[in-house]
Amino acid sequence: TNYQFPKDFYWGSASSGPQSEGRYENDGKGDNIWDLWYKEQPELYFNTIGPEKTSQAYTHIKEDVALLKATGHNSFRTSIQWSRLIPEGRGAINPAAVKFYNELIDELLANDIEPFINLYHFDMPVVLQKEGGWENRKTIDAYVAYATACFELFGDRVKKWFTHNEPIVPVEGGYLYGFHYPHEVSFKAAVQVGYHEMLASAKAIAAYRALGKIGEIGIILNLTPSYARDENNPSDVKAAQFADGFFNRSFLDPSVLGEYPADLIDDLRSADVLPSYLVEDLEIIKNNTVDLLGINYYQPRRIQARENPHEWSVPMPEDFFETYDMPNKKINPYRGWEIYEKGIYDTLTNIRENYGNIPCYISENGMGVEDESRFIDKQGQINDDYRIEFVSEHLKYVHQAITEGSNVRGYHMWTFIDNWSWLNAYKNRYGFVSLDLENDGKRTIKKSGHWYKKVSENNGFE
Ligand code: BGP
């Protein structure tokens, strides 16, 4: 079969500021929660490599954009670091940051690469985190001021904006499962944090539209299709519905439909964890839905009704469900994530059928692999055939969804150059381009990067 994609399809990859730029604090960057956490608890990081040691994208603009070109990118997503642009979270703008982001955006545009710019990728400025971060309603005002500054500074050239990347992750990481700062455990705080992120998103969208810029604004969500263990068992079905509500629809529904799902509200009320809000917020959320949805897809959720008490002694979302391991599942052993390609198709079908077929694109999908130097050939190239297979198997399902009418406008792999990961540092490599940390951050295109160039040039593959 020939998998041809629609005209003007966006071929690209995604990264983020904190994972690629490097700190360069002498250039005025303030600390965010990752800088802080690394300073306080470096032992938590694999190989104790912290966020300061990345691919140093900050000083490699020309070289990296040339590599984007050489790997067939017509689009590329990264994020602005709030703590680089506004080091104290609110107030003064750092001129070195403006210069850097201007140069990056201009270099991308000069090479016909559409910049997709995200505003928040887990990187709360420390000053604001000390005031409670997303738990504190005042953070929303600081965020909207930051977003507005970005739109004003870069909005005549950037036409694709995103308010958040994966807003569930700060909820899970910071307030449920302890893998982000401030690593508290509170179901109630978690729900409040997610709610404030959504209100902040709607208010940033309102601010963008008020400026009258020509472009689209959206949000990037990691959607995890929830499959009930036994479709004929109402308790399993109800548990899967809760997991879908909590992890997906609590962001998808307000972002796209402008309102929260009734079943989720009922469940959260029964657990006494509904967030505090103002009635006027709901109007703002209703009137400021997204133009474009980014979908990160890595793995599904396998759900059954809870049978045994969960591992925490406090109320948790897990009161409503239990996950189980799919027998004989395909797995990425380095990250422990199930590989289930059809999940991307089910997700796109859900968006088509239940979310007005809103324009969307795959904003992340990819495979982290440990010790890829095992696959280096004599020419020094990593032969990552497993990545080519991973991407093409997912693309086939994206293609099928498009054939059936899904409004999918692009595919971005995670990631471009191997980058720093929140807790695993450089253990798992995801890039089209390898990074040699021992050799001054030398970049080498992997086999998958050369393959991707052909896919992009042919707008598809056989
Ligand atoms: C997503 C994040 C990315 C990236 C990716 C891979 O959730 O948006 O920032 O890190 O997952 O995950 P990890 O780096 O944890 O292996």
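Because the structure is a prediction, the values reported are computed rather than measured. (Residues numbered from 1 in each chain as written. Predicted model: local features only at pLDDT ≥ 70, side-chain atom pairs only at ≥ 80, totals over all residues.)

### Structural notes on the site of the ligand
Reasoning step 1: The local shell around the ligand holds 15 residues, among which Asn165, Glu166, Gly368, Trp414 and Ser421 are the closest.
Reasoning step 2: Its residues assigned to classes, the shell around the ligand shows three nonpolar, nine polar and three charged. (Near = placed C-beta within 6 Å. Nonpolar A, V, L, I, M, F, W, Y, C, P; charged D, E, K, R; others polar.)

### A word on the environment of Glu353
Reasoning step 1: When you line up the elements, Glu353 lands in helix α13 (residues 342–354).
Reasoning step 2: Between the C-alpha atoms of Glu353 and Asp418, which are 65 residues apart in sequence, the distance is 36 Å. (Helix = DSSP H or I, 4+ residues; strand = E, 2+ residues; numbered from the N terminus.)

### As for the pairing of strand β8 (residues 292–296)
Reasoning step 1: Judged by how many residues are buried, β8 sits mostly within the fold: five of five residues are covered.
Reasoning step 2: Side chains Leu292, Gly294 and Asn296 of β8 all project onto a buried face; the interleaved residues Leu293 and Ile295 project onto the opposite face, where all are buried too.
Reasoning step 3: By the bridge criterion, five bridges tie strand β6 (residues 216–222) to β8 in an arrangement that is parallel. In the sheet register, Ile220 faces β8, and the bridge partner there is Gly294.
Reasoning step 4: As defined by bridge partners, β8 adjoins strand β13 (residues 360–364) across four bridges and the pair is classed as parallel. (Buried ≥ 20, exposed ≤ 12 C-beta atoms within 10 Å, placed from the backbone. Pairing = 2+ DSSP bridges.)

### Considering the sheet that holds strand β7 (residues 226–228)
Reasoning step 1: As summarised here, the arrangement of the three strands in space is β7-β9-β10, forming an open sheet in which the pairing is mixed. The open sheet has two free edges, formed respectively by β7 and β10 (322–323), since each of these has just one partner strand.
Reasoning step 2: Pairing geometry for strand β9 (residues 301–304) and β10, over two bridges, is antiparallel. Bridging across to β10, Gln304 finds its partner in Glu322.

### Remarks on the UniProt feature "active site" (unreviewed entry) in the protein
Reasoning step 1: According to UniProt, the "active site" (unreviewed entry) feature falls on Glu364.
Reasoning step 2: Relative to the elements of secondary structure, Glu364 occurs in strand β13.
Reasoning step 3: Apart from residues lying up to four places away in sequence, Glu364 is in contact with Ala14, Asn296, His412 and Trp414. (UniProt positions renumbered as here; feature names shortened; annotations may be inferred. Contact = placed C-beta atoms within 7 Å.)

### Section: the packing of α13 against helix α14 (residues 385–403)
Reasoning step 1: One way to put it is that α13 packs onto α14 with a least axis distance of 8 Å and a crossing angle of 25°. Here α13 lies roughly parallel to α14, going by the angle between them. For the pair α13 and α14, the sense of crossing is right-handed. Across the interface between the two elements, Lys342, Ile344, Tyr345, Leu348 and Thr349 from α13 touch His394, Tyr397, Val398, Gln400 and Ala401 from α14. (Axes fitted to C-alpha atoms, helices over the stretch in contact; angles between N-to-C directions. Parallel < 35°, antiparallel > 145°, perpendicular 65-115°, else oblique. Left-handed = near helix turned anticlockwise from the far one by under 90°.)

### So, unusual backbone geometry
Reasoning step 1: With an omega of 5°, the peptide bond running from Tyr181 to Pro182 counts as cis.
Reasoning step 2: In this model, Trp414 is joined to Thr415 through a cis peptide bond whose omega is 10°.
Reasoning step 3: Structurally, Thr415 can be placed in the loop between β15 (408–414) and β16 (428–429).
Reasoning step 4: Backbone geometry places Phe122, a non-glycine residue, at a positive phi of 65°.
Reasoning step 5: Position of Phe122 relative to the elements: it lies in the loop between β4 (114–118) and α6 (126–129).

### Concerning the environment of Glu322
Reasoning step 1: By the secondary structure assignment, Glu322 is in strand β10.
Reasoning step 2: Judged by C-beta crowding, with 18 C-beta atoms within 10 Å, Glu322 ranks as partly exposed.
Reasoning step 3: Distance from Glu322 to Ala110, taken between C-alpha atoms, is 50 Å for residues 212 residues apart in sequence.

### Here's the deal with helix α3 (residues 61–70)
Reasoning step 1: What α3 keeps buried is the set Asp64, Val65, Leu67 and Leu68. The buried residues of α3 all sit within an arc of 155° when viewed along its axis, so they share a single face. Among the exposed residues of α3, those pointing more than 90 degrees away from its buried face are Lys62 and Glu63.
Reasoning step 2: Summarising the contacts, the buried residues of α3 are in contact with β3 (75–79), α5 (95–110), β17 (433–436) and β18 (442–445). (Arc of directions from axis to C-beta.)

### Details of the confidence of the model for the protein
Reasoning step 1: In the predicted model, the protein carries a mean pLDDT of 97, and the fraction of residues at 70 or more is 100%.
Reasoning step 2: For this predicted complex, the interface confidence comes out at an ipTM of 0.98, alongside a pTM of 0.98. (pLDDT = per-residue confidence, 0-100.)

### A word on the sheet that holds β15
Reasoning step 1: Within the closed barrel, the eight strands sit side by side as β2-β3-β4-β5-β6-β8-β13-β15. Their pairing is parallel. Across this sheet, the average inter-strand angle for adjacent strands is 25°, counted without regard to direction.
Reasoning step 2: Across three bridges, the pairing between strand β2 (residues 10–14) and β3 is parallel. Its bridge partner lying in β3, Ala14 is registered against Arg77.

### Some remarks on the packing of helix α7 (residues 138–154) against helix α9 (residues 187–210)
Reasoning step 1: At a minimum axis separation of 9 Å, α7 and α9 run at an interaxial angle of 35°. Between α7 and α9 lies a crossing of right-handed hand. Across from Thr139, Ile140, Tyr143, Val144, Ala147, Thr148 and Phe151 in α7, the residues of α9 making contact are His196, Leu199, Ala200, Lys203, Ala204, Ala207 and Tyr208.
Reasoning step 2: Class assignment for the residues of the contact of α7 with α9 results in 10 nonpolar, three polar and one charged.

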